[in-house]
Amino acid sequence: MSNLEELIQLLTLERINDNTFVGQNYQAPWGRVFGGQVLGQSLHAAYQTVADDRIAHSMHGYFILGGDLSIPITYEVDCLRDGRSFTTRRVVAKQNGKAIFNMAASFQVKEDGVEHQITMPNLITPKKLMNSLEQIEEMEKTDPDSYNYIKLTHPKVFEFKPVERLTALLAKNGPPFNHMWMRSTEKVKADLPLQQQLLAYASDYNILTTASLPHREELRKGKTFYASIDHAIWFHRKFKIDEWLLYTMDSPSAGNSRGFSRGSIFDRNGVLVASVAQEGLMRNTRAD
């Protein structure tokens, strides 16, 4: 995808009937359907069956099978409950009649109540940082294959500015903490539901590799296969995807070829707008 309009078109599904939708695929260079795409499209499908006064506050998805890029994805929405305050939906994504992903989402009317949040860490501002593509320039001569692959797979519609050294450049083990500024590369004139769908898409970048940070030396001995297993997002407050957001990530645990990571997303004013959790596969194939 070369621009934001193409991403919005990707997330906007074709309606087949009241509860069935069809979406196309981003032709990901790694040959499988991108998890962020399915997260965003499934949230879009759920939103089409929900009253306008309700906003998503959480979504929990499981990736069941790797998606085939050549086949459109059908999203079937099950309207589980429409309550006075909350609405619950289940979405099953299918290809060739088989489920590749399922998701539960909850929506709520706006209500007043007590509030608190954790404090955003005091980190270098994005203005003083290089973006991901600038960081990898040093690889062009030392590791041209990795350099070309990262440039090919880097999303053109989002800009990422790592606070620390970019994960792909790390050869030594380090603590399981990762901080990333991110925003869309173009202005977004959209309501909150579409902003949430775009954030769901972007939230799948960088979080799983956070679990690899304590194991870089071992994982670099062979080829590591990464894949999302499940992904959850809690939307706390409104935000704008075209303004800088700080994605703070940590990984409490890794084992049995799985890595578990958590993320908090803050706006520039330190407001916590969303929380994320993901477990993913980190399967290493040793060269020896």
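The following paragraphs examine the structure supplied in this document. All figures in this text were calculated on a predicted structure; none of them were measured in a lab.

### A short note on the overall build of the protein
Consideration 1: When helices and strands are counted, the protein shows seven helices and twelve strands.
Consideration 2: The C-alpha radius of gyration computed for the protein amounts to 19 Å, which stays within 12% of the reference 19 Å derived for 288 residues, consistent with globular compactness.
Consideration 3: Projected onto its principal axes, the C-alpha coordinates of the protein cover approximately 55 × 45 × 35 Å.
Consideration 4: Intrachain contacts of the protein at a sequence separation of at least 6 include 72% that bridge at least 24 residues.
Consideration 5: When the accessible surface of the protein is split by element, carbon and sulfur atoms take 49% of a total near 14500 Å².

### Thoughts on the side chain of arginine 216
Consideration 1: In this structure, arginine 216 sits in helix α7 (residues 216-219).
Consideration 2: Owing to a relative accessible area of 8%, arginine 216 belongs among the buried residues under this scheme.
Consideration 3: Not counting residues up to four positions away in its chain, the partners in contact with arginine 216 are Thr167, Ala168, Leu170, Ala171, Lys172, Asn173 and Tyr226.

### Thoughts on the environment of lysine 156
Consideration 1: Within the fold, lysine 156 resides in the loop between α5 (144-153) and β7 (158-162).
Consideration 2: Exposure remark for lysine 156: the relative accessible area of 53% places this residue in the exposed category.

### Description of a nonpolar patch on the surface
Consideration 1: On the surface, Tyr62, Ile64 and Leu65 cluster together into a nonpolar patch covering about 300 Å² of accessible area.
Consideration 2: With respect to the helices and strands, tyrosine 62 occurs in strand β3 (residues 54-63).

### Observations regarding the pairing of β3
For a regular strand, side chains alternate in direction, first toward one face of the sheet and then toward the other.
Consideration 1: Relative to strand β6 (residues 98-109), β3 runs antiparallel, the two sharing nine bridges. Bridged to arginine 54 within β6 is valine 109.
Consideration 2: Alignment of β3 against strand β9 (residues 222-235), held across five bridges, turns out to be antiparallel. Note on β9: the bridge partner recorded for histidine 60 is alanine 232.

### Some points on the environment of histidine 154
Consideration 1: Note on placement: histidine 154 falls in the loop between α5 and β7.
Consideration 2: Not counting chain neighbours up to four residues away, the residues in contact with histidine 154 comprise Ser132, Leu133 and Phe160.

### Focus on the layout of surface pockets
Consideration 1: The space that makes up the second largest pocket amounts to roughly 760 Å³.
Consideration 2: For the second largest pocket, the lining is made up of 19 residues, of which Gln108, Lys110, Glu111, His236 and Arg237 are closest to its centre.
Consideration 3: If you list the elements that add at least two residues to the lining of the second largest pocket, you get β3, β6 and α6 (192-202).
Consideration 4: In terms of residues, the lining of the second largest pocket owes the most to one element, β3, which gives three residues.

### What about the pattern of salt bridges?
Consideration 1: Enumeration according to the criterion identifies ten salt bridges in this entry.
Consideration 2: For glutamate 218, the salt bridge goes to lysine 221, with nearest N and O atoms at 3.4 Å.
Consideration 3: Look at glutamate 218 and you get partly exposed, because its relative accessible area is 35%.
Consideration 4: Assessed through its relative accessible area of 45%, lysine 221 is described here as partly exposed.

### A look at the packing of aromatic side chains
Consideration 1: Summed over the entire model, instances satisfying the criterion amount to ten aromatic pairs.
Consideration 2: Considering the side-chain rings of tyrosine 26 and tryptophan 30, the 6.3 Å spacing of their centres and the 75° angle between planes classify their relative orientation as edge-to-face.
Consideration 3: Judged by relative accessible area, which is 10%, tyrosine 26 ranks as buried.
Consideration 4: Tryptophan 30 gets classed as partly exposed once you look at its relative accessible area, which sits at 25%.
Consideration 5: Members of the aromatic cluster, joined through ring pairs, are Tyr26, Trp30, Phe34, Phe158, Phe160, Tyr201 and Tyr205.
Consideration 6: In this arrangement the basic side chain of arginine 268 is found over the ring face of tryptophan 181, its NZ or CZ atom lying 5.6 Å from the centre.

### Re unusual backbone geometry
Consideration 1: A positive phi angle is found at asparagine 206, which is not glycine, with a value near 80°.
Consideration 2: If you trace the backbone, asparagine 206 turns up in the loop between α6 and α7.
Consideration 3: Exposure remark for asparagine 206: the relative accessible area of 22% places this residue in the partly exposed category.
Consideration 4: A positive phi is found at serine 257, a non-glycine position, where the angle reads about 65°.

### Some details on helix α2 (residues 35-47)
Consideration 1: Spanning 13 residues, α2 covers 19 Å between terminal C-alpha atoms, matching the ideal 18 Å at 1.5 Å per step.
Consideration 2: Summarising burial for α2: 13 of the 13 residues are buried, a large majority.

What counts, and where the lines are drawn
Residues numbered from 1 in each chain as written. Predicted model: local features only at pLDDT ≥ 70, side-chain atom pairs only at ≥ 80, totals over all residues. Heavy atoms only, no water. Helix = DSSP H or I, 4+ residues; strand = E, 2+ residues; numbered from the N terminus. Rg over C-alpha atoms; globule rule 2.2 N^0.38 Å. Contact = heavy atoms within 4.5 Å. Areas by Shrake-Rupley, 256 points an atom, 1.4 Å probe, with all protein chains shown as cover. Buried < 20%, exposed > 50% of the residue type's maximum accessible area, 1.4 Å probe, protein only. Patch = residues over 30% accessible without salt bridge, like charges linked within 9 Å, V, L, I, M, F, W, Y side chains within 5 Å. Salt bridge = Lys/Arg side-chain N within 4 Å of Asp/Glu carboxyl O. Pairing = 2+ DSSP bridges. 1 Å grid on protein atoms, 1.4 Å probe; cavity = no way out; pocket = protein on both sides within 12 Å on 5 of 7 lines; lining within 4 Å. Points joined across faces, edges and corners; volume = space filled by probe spheres on them. Phe/Tyr/Trp six-rings, centres within 6.5 Å; stacked < 30°, edge-to-face > 60°. Lys NZ or Arg CZ within 6 Å of the ring centre and 35° of its normal. Expected span 1.5 Å × (residues − 1).

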